[in-house]
Amino acid sequence: MSIVSNSSPLILLAKIGRFNLLKQYENVFIPNAVYIEVCIHGKSLPGSDEVKRAIHEGWIQIRKVKTLPELEFLLGRGEAEAITLAKSLNFPILIDDRKSRILARKMNLTVFGTLGVLVNAYNHGLIEDLESEVQKLVNAGIRISPVLLRKLMEEVK
């Protein structure tokens, strides 16, 4: 399965040392705005070197996209371009921002977040201790309700 990613999952996975879990997807596409946000504006921050290396290795690809005007009005440029790209390619989108997720779903996109990457990796035996990986994400700054976190942990046990 190929996916389109927004910035925050790339950054968060890099922060917890699990960026390579993105390799479980056939191809990862990012719009130009996400590349600029992570690798240019975020130079020397988590995610920057990882994204550049993945592009060099060929498993992350950058795509230029003309954003849907109604999205750019409502969201940041990276989120708007990521949703537009996912829609144009008809690929699932990896995005954490709640407002962006709602809009992507309204556009009939399959949506999952950084937690979904960890759960998928756990289900495929790529990580052994999901709870500790999720805790690392929380420590790295992901915003998730305690109720959702409890529900997630109950479902995978």
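Our subject is the structure that appears above.
Everything numeric here is computed off the predicted structure, so don't read it as measured data.

> Sorry if this is basic, but what is going on with the side chain of Glu 133 here?
Turning to its location among the elements, Glu 133 is positioned in helix H8 (residues 130–140). For Glu 133, a relative accessible area of 4% gives the class buried. Among residues more than four places away in sequence, those in contact with Glu 133 are Ile 16, Arg 18, Leu 118 and Ile 127.

> I'm lost on unusual backbone geometry in this one. Help?
Peptide bonds are trans in most cases, and residues, glycine excluded, mostly fall at negative phi. Backbone geometry at Ser 44 places phi at a positive 75 degrees, although glycine is not the residue there. Position of Ser 44 among the secondary structure elements: in the loop between helix H2 (32–40) and helix H3 (48–57). The class for Ser 44 is exposed, based on a relative accessible area of 68%. With a phi close to 65 degrees, Asn 108 is a non-glycine residue in the positive phi region. Looking at where Asn 108 falls in the secondary structure, it is placed in the loop between helix H6 (98–106) and strand E5 (111–112). The class of Asn 108 is exposed, set by a relative accessible area of 69%.

What counts, and where the lines are drawn
Residues numbered from 1 in each chain as written. Predicted model: local features only at pLDDT ≥ 70, side-chain atom pairs only at ≥ 80, totals over all residues. Heavy atoms only, no water. Helix = DSSP H or I, 4+ residues; strand = E, 2+ residues; numbered from the N terminus. Buried < 20%, exposed > 50% of the residue type's maximum accessible area, 1.4 Å probe, protein only. Contact = heavy atoms within 4.5 Å.

Any functional reading would require information that these geometric values do not contain.
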